[in-house]
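Each chain, letter by letter, is given below.
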Amino acid sequence: MECTSCKEGELTPSFIEGQFRAHICSNCGGNWVLIEDYVSWKERNPDYKFSENINVSELDVSDSKNALLCPVTRTIMRKFRISAKSEHKLDYSALVGGLWLDKGEWELLKYEGLAGCLNAVVTQHWQRSIRQDSSKQNFADIYENKFGSENYNKVKEIRAWLLSQEQKSDLRAYLLAEDPYSAEK
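So, here is what we can say about the structure in this document. (Residues numbered from 1 in each chain as written. Predicted model: local features only at pLDDT ≥ 70, side-chain atom pairs only at ≥ 80, totals over all residues. Heavy atoms only, no water.)

### Structural notes on the side chain of Asn-31
Here is step 1 of the chain: Locating Asn-31 in the fold gives a position in strand S3 (residues 31-34).
Here is step 2 of the chain: Given a relative accessible area of 12%, Asn-31 falls into the buried group.
Here is step 3 of the chain: Not counting residues within four places of it along the chain, the set of residues in contact with Asn-31 comprises Ile-16, Ala-22, His-23, Ile-24, Leu-99, Trp-100 and Leu-101. (Helix = DSSP H or I, 4+ residues; strand = E, 2+ residues; numbered from the N terminus. Buried < 20%, exposed > 50% of the residue type's maximum accessible area, 1.4 Å probe, protein only. Contact = heavy atoms within 4.5 Å.)

### Notes on the environment of Leu-90
Here is step 1 of the chain: Looking at where Leu-90 falls in the secondary structure, it is placed in strand S5 (residues 86-93).
Here is step 2 of the chain: Ignoring anything within four residues of it in the chain, the contact list for Leu-90 reads Arg-78, Lys-79, Phe-80, Ile-82, Leu-99, Trp-100, Leu-101, Glu-105, Leu-109, Leu-118 and Val-121.

### What about helix H3 (residues 124-147)?
Here is step 1 of the chain: Between its first and last C-alpha atoms H3 spans 35 Å; for 24 residues at 1.5 Å apiece the expected length is 34 Å, and the two agree.
Here is step 2 of the chain: Following H3 by one or two positions, Gly-148 has its phi on the positive side, about 90°. (Expected span 1.5 Å × (residues − 1).)

### Observations regarding the packing of helix H4 (residues 149-163) against helix H5 (residues 168-176)
Here is step 1 of the chain: Where H4 contacts H5, the axes come no closer than 9 Å and their chain directions differ by 140°. One finds that H4 runs oblique with respect to H5. Side by side, H4 and H5 meet where Trp-161, Leu-162 and Leu-163 of the first sit next to Lys-168, Leu-171 and Arg-172 of the second.
Here is step 2 of the chain: Here the residues of the contact of H4 with H5 are counted per class, giving four nonpolar, no polar and two charged. (Axes fitted to C-alpha atoms, helices over the stretch in contact; angles between N-to-C directions. Parallel < 35°, antiparallel > 145°, perpendicular 65-115°, else oblique. Nonpolar A, V, L, I, M, F, W, Y, C, P; charged D, E, K, R; others polar.)

### Overview of the pairing of strand S6 (residues 98-101)
Here is step 1 of the chain: Neither face of S6 is left uncovered, since the one carrying Gly-98 and Trp-100 and the one carrying Leu-99 and Leu-101 both have all their residues buried.
Here is step 2 of the chain: Here S3 runs beside S6; their pairing, made up of four bridges, is antiparallel. Bridging from a neighbouring strand, Leu-34 pairs with Gly-98 of S6.
Here is step 3 of the chain: In this structure, S5 lies alongside S6, joined through three bridges in antiparallel fashion. Across the sheet, Asp-91 pairs through a bridge with Trp-100, a residue of S6.
Here is step 4 of the chain: Two successive antiparallel strands, S5 and S6, enclose a turn made up of four residues, where Gly-97 displays a positive phi of approximately 75°. (Pairing = 2+ DSSP bridges.)

### Describing the packing of aromatic side chains
Here is step 1 of the chain: A full pass over the atoms with the stated rule returns 10 aromatic pairs.
Here is step 2 of the chain: Centre to centre, the rings of Trp-41 and Tyr-48 are 5.2 Å apart; their planes meet at 75°, and the pair counts as edge-to-face.
Here is step 3 of the chain: Plain terms: the ring middles of Tyr-174 and Tyr-181 are 6.0 Å apart, the flat faces sit at 80° to each other, and that makes the pair edge-to-face.
Here is step 4 of the chain: Judged by relative accessible area, Tyr-174 falls into the partly exposed class, the value being 41%.
Here is step 5 of the chain: Given a relative accessible area of 68%, Tyr-181 falls into the exposed group.
Here is step 6 of the chain: A network of ring pairs unites the aromatic residues Phe-20, Tyr-38, Trp-41, Tyr-48 and Trp-106 as a single cluster. (Phe/Tyr/Trp six-rings, centres within 6.5 Å; stacked < 30°, edge-to-face > 60°.)

### Details of the pattern of salt bridges
Here is step 1 of the chain: Taken as a whole and judged by the stated rule, the model has six salt bridges.
Here is step 2 of the chain: Note that Lys-79 is salt-bridged to Asp-91, the shortest N-O span being 2.6 Å. Of this pair, Lys-79 sits in strand S4 (residues 78-83) while Asp-91 is found in strand S5, placing the two residues 12 residues apart along the sequence.
Here is step 3 of the chain: Lys-79 sits in the partly exposed class, given a relative accessible area of 26%.
Here is step 4 of the chain: Taking the shortest distance from any N to any O, the salt bridge between Glu-112 and Lys-85 comes out at 3.8 Å. Of this pair, Glu-112 sits in the loop between helix H2 (105-111) and H3 while Lys-85 sits in the loop between S4 and S5; the two residues are 27 residues apart in sequence, bridging distant segments of the chain.
Here is step 5 of the chain: The exposed category is assigned to Lys-85, whose relative accessible area is 70%. (Salt bridge = Lys/Arg side-chain N within 4 Å of Asp/Glu carboxyl O.)

Shown next as structure tokens:
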């Protein structure tokens, strides 16, 4: 098979870390992994833990920004974010169940603690969770910019305390009243 990323190398049978089957590009070092092979390997090795001791400054990770074609079907693969804190995306062919890992992406997955759940990254549930986490972080950034770091941290403490109180409704009413000691509205 021809490499889907660099289009210069050939995909030759290999193993990722000697554990599960993949095809590696002879030119760019990318890997074509069938989720079926990964899941089958995981089922046979449920307790295996991938080493996460990776120096992030030494990571040399490529990320193909253009749409890639599946090396098997030649159809466009979808891009899936790996986490809310990373903009990095993996390319997935749903027709084949194959995942393209650019050079260094496997190491990035290990660093992020995601190597043991590679098959989950391409699920709707995982991607929805990433969108929700990203939205929460966007709001947190907006509030912090608006209030300032010190005020934002203080108001978060007060909010957490308030939510833990049995009389939270009465406490909120007291806080929001212009004059809580007046009988007038």
